[in-house]
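# Secondary and tertiary structure notes
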Amino acid sequence: MRFKSLTLALFFAAWASLSAFAQTNEQPVYTVYIGTFVETTAADFESIQTLGFPYALSMGNNMFRVYLGGYTKKSEADETAQLLKGRGYQDASVLELDPNKGRTVPIIQLDTELLGKPLNWNAYKTIGPLNVILHDKTIKITSGVYQTMDIANAQLALIRKNGFPDAFVKNVNSAFLHDINAFYPEAINNAPVQALEAPPAPVVPAQTPTSYNKPSQPVEIPQAREVPASYNQPVYRALPAATS
């Protein structure tokens, strides 16, 4: 019996070590920075969408930093950067997503699409804020970041009822999430799927005030907890330019 318990303990210890190793040694993912543009959308980059998936980091005031991702081989990213320079994007350069600057977060994956295939964002925009995970030639469309797996699993039921029966919950590294913002205006909806409601507050019986002359105290209204803005900002490692 002691031998069996020891075997199980060693198994779970090995599994935990492999899980930790996987979280800190993820496959490199590269992206190509194209440039910074004002009042632009993804439609303006339609001619290069066969090279990668265009996404953008909003800088405010209708300004976007535009990228093309996601490449698992630096040589392919270098080649793409050179092609973009040949098409007039002189600022094109290769960056590596840094998983060490991300954290494990729960999301809901809605679908997986292939690069180059037209995406019907109207089918997804009712779900709410969207992100994508780019890996080689695939585009994983996701919803969330959620505070806990329990909240994500509860929200999953609503999402499945809204036309995504195959959606599922999983943990991902936030460094690999790319925000789908106003750069894709057709994906923005002001009335997303109903979010989970907080449980009703317990009814507290009215109490007779100890003194009618006692000044009332201001009531603090708790603010909704927001996902840190850093989840929507890609984190990169600068790489040396490819030599010809």
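Whatever comes next refers back to the structure up there.
Rules of the game
- Residues numbered from 1 in each chain as written.
- Predicted model: local features only at pLDDT ≥ 70, side-chain atom pairs only at ≥ 80, totals over all residues.
- Heavy atoms only, no water.
- Core = buried A, V, L, I, M, F, W, Y, C linked by side-chain atoms within 4.5 Å.
- Buried < 20%, exposed > 50% of the residue type's maximum accessible area, 1.4 Å probe, protein only.
- Helix = DSSP H or I, 4+ residues; strand = E, 2+ residues; numbered from the N terminus.
- Contact = heavy atoms within 4.5 Å.
- Pairing = 2+ DSSP bridges.
- Axes fitted to C-alpha atoms, helices over the stretch in contact; angles between N-to-C directions.
- Phe/Tyr/Trp six-rings, centres within 6.5 Å; stacked < 30°, edge-to-face > 60°.

## Re the nonpolar core
Ranked by size, the top nonpolar core spans 45 residues in total, and within it Val-32, Phe-53, Leu-84, Leu-110 and Trp-121 carry the most contacts. No other element matches the five residues that strand 3 (residues 63–71) contributes to this core. Val-32 has contacts with Val-66, Tyr-67, Leu-68, Tyr-71, Ala-77, Thr-80, Ala-81, Leu-84, Ala-92, Ser-93 and Val-94, leaving out every residue within four places of it along the chain. One finds Val-29, Ile-107, Phe-176 and Leu-177 within the second-largest nonpolar core, a separate group that totals nine residues.

## A few points about the sheet that holds strand 9 (residues 178–180)
On the basis of which strands lie adjacent, the open sheet formed by five strands has the order 8-5-7-6-9 and antiparallel pairing. The open sheet terminates on both sides in strands that have one partner only, identified here as strand 8 (168–173) and strand 9. The mean angle between the axes of side-by-side strands here comes to 45°, regardless of whether they run parallel or antiparallel. Here strand 6 (residues 130–135) pairs with strand 9 via three bridges, running antiparallel. Looking at strand 9, one finds that Asn-131 is bridged to Asp-179.

## Comments concerning the pairing of strand 1 (residues 30–38)
Across seven bridges, strand 1 lies against strand 3 in antiparallel orientation. When the bridges of strand 3 are listed, Phe-37 appears paired with Phe-64. In this sheet, strand 4 (residues 93–97) lies alongside strand 1 in antiparallel orientation, the contact comprising four bridges. For Thr-31, the partnering residue across the bridge sits in strand 4 and is Leu-95.

## Observations concerning the packing of aromatic side chains
One pass over the structure, following the stated rule, counts twelve aromatic pairs. On the basis of an interplanar angle of 65° and a centroid distance of 6.1 Å, the ring pair of Trp-121 and Tyr-124 is categorised as edge-to-face. The exposure class assigned to Trp-121 is buried, which follows from its relative accessible area of 3%. An aromatic cluster of three or more residues is present, and its members are Phe-37, Phe-45, Phe-53, Phe-64, Tyr-89, Trp-121, Tyr-124, Phe-164, Phe-183 and Tyr-184.

## Thoughts on the pairing of strand 2 (residues 53–60)
Summarising the sheet, strand 2 and strand 3 pair through seven bridges and their orientation is antiparallel. Residue pairing across strands places Pro-54 opposite Leu-68, the latter belonging to strand 3. Between the antiparallel neighbours strand 2 and strand 3 lie two residues, among them Asn-61 with a positive phi of about 55°.

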